[in-house]
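# Structural overview
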Amino acid sequence: MGVWWAPALRVLVLQAAWALGGGQVRYSVPEEAKAGTVVGRLAQDLGLEAGEAEARRLRLVAQGRRASVEVSGASGALVVSSRLDREELCGKSAPCALRLEVLVERPLRVFHVELEVTDINDNAPLFPAARKNLSLSENSPAGSRFPLEGASDADIGANAQLSYALSPSEHFALDLHRSEEYRESLFLVLAKPLDRESVAVHRLVLTASDGGRPPLTGTVELVISVLDANDNAPQFNQSVYKVQLPESAAEGTLVARVNATDPDEGSNREMTFTSNNVFPLKGLNFFILNPKSGEIRLTGALDFEDVRSYEIQVEATDKGWPPLSGHCKVVVEVLDVNDNAPEVWVTSLSVPVPEDAAVGTVVAVLSVSDRDSGANGRVRCAVWPVSPFGLVATFAGSYSLVLREALDRERVSEYEVEVRAEDGGAPPLRASRGVRVPVSDVNDNAPAFAQAVYTVLARENNAAGAELARLWARDPDEAGNGRVSYSVAEGGGGAVSGGAWRSASSYVSVDAESGRLWALQPLDYEELQVLQFEVRAVDAGEPPLCGNATVQLFVVDENDNAPALLPPAGGGPGPGAAGEAASGPGSGALWVWAAWGAPAGQVVAKIRAVDADSGYNAWLRYELWEPRGKGPFRVGLYSGEVSTARALEEADGPRQRLVIVVRDHGEPARSVTATLSVSLVEGAEAALAAAGSSSSGPGLRAAEGDASASAATNVWLVVAICAVSSLFLLAVVLYGASRWAPRAAVLSGPGPATLVCASEVGSWSYSQRQSRSLCVTDGAGKSDLMVFSPNFPPPPGPAAKETQPEPPALLDTVSAPPPLSRPFPRRPCPPVTLVAHPPGRWWRWPCSAPDARGWWSLGRCWRLLTGLLHLPLCPCQSPLTLGVREE
């Protein structure tokens, strides 16, 4: 029982509250509220507790039309379910209230809910039509009123209060009347008279605004058409028409078309044309006017010489009421026909014209005329084609043909000038007159060679009178002004021959007419290599003009010189002394000494030759002609050095005869032959023979280009001093040395002395073991040469041989004494040195080698002294120097 009493008690309380509130719930919601908007807490307002609305199924009961609201099942709130439009629900009624029935179950009850939809300004004023057409007469008076239909607004209250505005216009205004009893009235008032001809249609915009916030507006376009009235007379576009008509115009030619306009419309603008006056009167027979189109056409022939102009009065009348009219005048000017062409005469002509004529020179005088008048009689003249001539008007109808530019006969020798005359008619008529203007020549062009420098190649030994080249100079002048003569310019070139200067005219000549270059004599390349001279070309004009060209004559070498053997330096006989400069092989007796045992490659002599030719023709090669086969000697192919092909032996005999051919590379090749006799002697004899040959003359010089007579004198002085002074000096020195010097052990082998030759440009040395040499320095007492022997000999082996350099190139003959036939063992001794003080030369002979022989006089003295003194040791413990002053 207690369970059922609690709900029943709540229902009783709700019924009591409902009875006290009048039995219904009222809500208010604005129109156009969005879906889901909460209108009110229906369940709470009905006294239902939370969750009870859903349990008792609180809901709305439909009553035939859509309510646009619903009850939320969970919360029991009344919410908007769809669009609320007050105008659709209630129209213009106010207020707009919707009655709703709400049903709950357990127990079943029905509640009445009133929902008021309030208005918002959601509707703009609306005119019946977007465009309103009105027709007003242009003669309507100012202040006329024309009613207009106003706009409507679906809203209510202040949202429906309308006001109107008209777009700016000087002709129209608005008048609005409001009344509480009647609907408001709207009028269009004419503020200014209309003129259809100025503005035929007026377009205005009428705007209606409501009282909402913000206000909404609506518009309508007012199209006001102005109706026409015949208030304008026809008007011509010109008050005077001026027409020019040629006298040759054919009948039916359109003279003019008059045009009039009437701003009215309809019958008020239709018009007709009439001609009521023509001056002069005879013009009535020449012109006809079309009343509709206004065209005036020619009906007869005009004559410029009879009447030059006509005046026609034309009237235009419209069809309005009352009819209105306008007037104009047509002036017809008769034009002269251009039926006469200009005429041109040459009244004076001065030809030919020299090409150096000054600018402005008058060539011809012309007269021009035209029988027409006005523009047809005005004549224009011109020169055709474009040329150095022009026209200058002197007075009416007279022209001068003058020179405007400098003439050049070489470019154009004659002009064909055409003077053209043209009048000012339409179409223009033309006439022309040809004038021939020849140009006479003046000597204004110097001869010009085709080249500024001519290069001519001529072989030597050419025949006298041979043609070397052909020169040509061009002179564009004519006759004598263009006739060219050639000559070799005096002082324009030459060459030195035989130590004297010879002019080019002694070698060559130029033909005065043809320009051919001739050789006056055979040319010798060895005498003349290049000949440069000038050739002058002179024309026959007055004054004569000339041009120059430089000729470079190069003589081409021919192999016309055989090689020539040169004498040895110093003038003594040698390889070149007996040589013959002949085309075929000659013979020359030459001799030289060589020592037995000389190693292979030692230079014995040098053949010197020269060829006066050049290039390949002067390039010499040396060939050993005899003996053929493998002999003991050979010749350098291009150096001419005669050297040993192998070591010389006693089996080679006491003398060798060599035939050497010196040949050039020319075509055909030329050659010379030298015969060289080589005497094979022992080393000492070869040295004495070489020294003797240096002073007496026969033989080859020891060093080519460096030996002299003073060198031979020094040798003999040294030999003489050694022979005379060796007995005394050596005895004293050796005796003193043997008394005080300690004894030294006998060495197994002596060490070779080394020859060092020093000069300003360097030094050279070679082993004494291999050769004995004569060294001559080039300086005048500025060089020192010392021969020394080390205290201990170098270790034996091939290294000593490897250090042997080639003989110097400056030696023509190098003789090496052969080794001794038997060993001569002794202790190493310092060298005996001969010193020649500046400005003389130094000559030295080493004597410390045990297996070498000194000079024969020194050797014998040495053996004699050692035998007498019975010295077991070498007495030479210090250098012995003999000094000789060479003056």
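This text follows the structure it describes.
Summarised in this report is the structure supplied together with it. (Residues numbered from 1 in each chain as written. Predicted model: local features only at pLDDT ≥ 70, side-chain atom pairs only at ≥ 80, totals over all residues. Heavy atoms only, no water.)

## Comments concerning the state of the cysteines
Convention followed: In what follows, a disulfide is any cysteine sulfur pair within 2.5 Å. Residue exposure (1.4 Å probe, protein chains only): buried if accessible area is under 20% of the type maximum, exposed if over 50%, otherwise partly exposed.
On inspection of all chains with the given rule, the structure shows 1 disulfide. Two residues, cysteine 90 and cysteine 96, share a disulfide whose sulfurs are 1.6 Å apart. Negative torsions about the S-S bond denote left-handed disulfides, and the value of about 65° found for cysteine 90 with cysteine 96 makes this one right-handed. Of the two residues, cysteine 90 and cysteine 96, both sit in the buried class.

## Topic: the nonpolar core
Keep this limit in mind: The term nonpolar core refers to a set of buried residues drawn from Ala, Val, Leu, Ile, Met, Phe, Trp, Tyr and Cys, joined through side-chain atoms within 4.5 Å. Each helix is a run of H or I in the DSSP string that is no shorter than four residues. Each strand is a run of E no shorter than two, and both are numbered from the N terminus.
With 29 residues, the main nonpolar core has Phe449, Leu468, Leu517, Leu531, Phe533, Val551 and Leu553 as its most contacted residues. Looking at this core, the elements with two or more residues in it are strand E33 (453-459), strand E34 (467-470), strand E36 (484-488), strand E39 (508-510), strand E40 (516-519), strand E41 (530-539) and strand E42 (546-556). Counting 28 residues, the second-largest nonpolar core is a separate cluster that includes Val258, Ile296, Cys328 and Val332.

## Observations regarding the side chain of asparagine 159
Defined as follows: It only takes one pair of heavy atoms within 4.5 Å for two residues to be counted as in contact.
Inspection of the secondary structure puts asparagine 159 in the loop between strand E9 (145-148) and strand E10 (163-166). Not counting the four nearest positions on each side in its chain, asparagine 159 is found in contact with Asp119, Ile120, Asn121, Asp153, Asp210, Gly211 and Gly212.

## Concerning the environment of threonine 394
Our working rule: Pairing of N or O atoms within 3.5 Å defines a polar contact, subject to two protein rules: one partner must be a possible hydrogen donor and the other a possible acceptor, and residues neighboring in sequence count only if both atoms are side-chain atoms.
By the element assignment, threonine 394 lies in strand E28 (residues 389-395). Among the residues examined, threonine 394 registers a relative accessible area of 43% and is labelled partly exposed. Through-space distance from the C-alpha of threonine 394 to that of valine 365 is 9.5 Å; in sequence the pair is 29 residues apart. If sequence neighbours within four positions are ignored, threonine 394 has contacts with Tyr399 and Ser400. A polar atom in the side chain of threonine 394 sits 3.0 Å from the side chain of serine 398.

## Comments concerning the pairing of E10
For the record, the criterion: At least two bridges found by DSSP between two strands is the condition for calling them paired.
Here E10 shows one buried face, formed by Tyr164 and Leu166, and one open face, formed by Ser163 and Ala165. Looking at chain direction, E10 and strand E13 (residues 201-209) are connected through 4 bridges and run antiparallel. The residue of E13 that forms the bridge with leucine 166 is leucine 206.

## Description of the sheet that holds strand E20 (residues 287-289)
Applicable threshold: Simply put, an axis is a line fit to the C-alpha atoms, just over the touching stretch for a helix, and the angle between two N-to-C directions goes from 0 to 180 degrees.
Here we have 3 strands laid out as an open sheet, ordered E17-E21-E20, and antiparallel in their pairing. Two strands in the sheet have a free side with no partner beyond their single neighbour: strand E17 (254-257) and E20. Across this sheet, the average inter-strand angle for adjacent strands is 20°, counted without regard to direction.

## Describing the pattern of salt bridges
Worth spelling out the cut-off: One side-chain nitrogen of Lys or Arg within 4 Å of one carboxyl oxygen of Asp or Glu is enough to make a salt bridge.
Applying the stated criterion to the full structure yields 35 salt bridges. When the shortest N-O distance is used, the salt bridge between glutamate 295 and arginine 257 registers 2.3 Å. Pair noted here: glutamate 295 is in strand E21 (residues 295-298) and arginine 257 is in strand E17, with a separation of 38 residues, a long-range link. The partner of glutamate 558 in a salt bridge is arginine 459, with the nearest N and O atoms 2.6 Å apart. A residue pair is termed long-range when its members are at least 10 positions apart, and glutamate 558 in the loop between E42 and strand E43 (564-565) and arginine 459 in strand E33 qualify at 99 residues.

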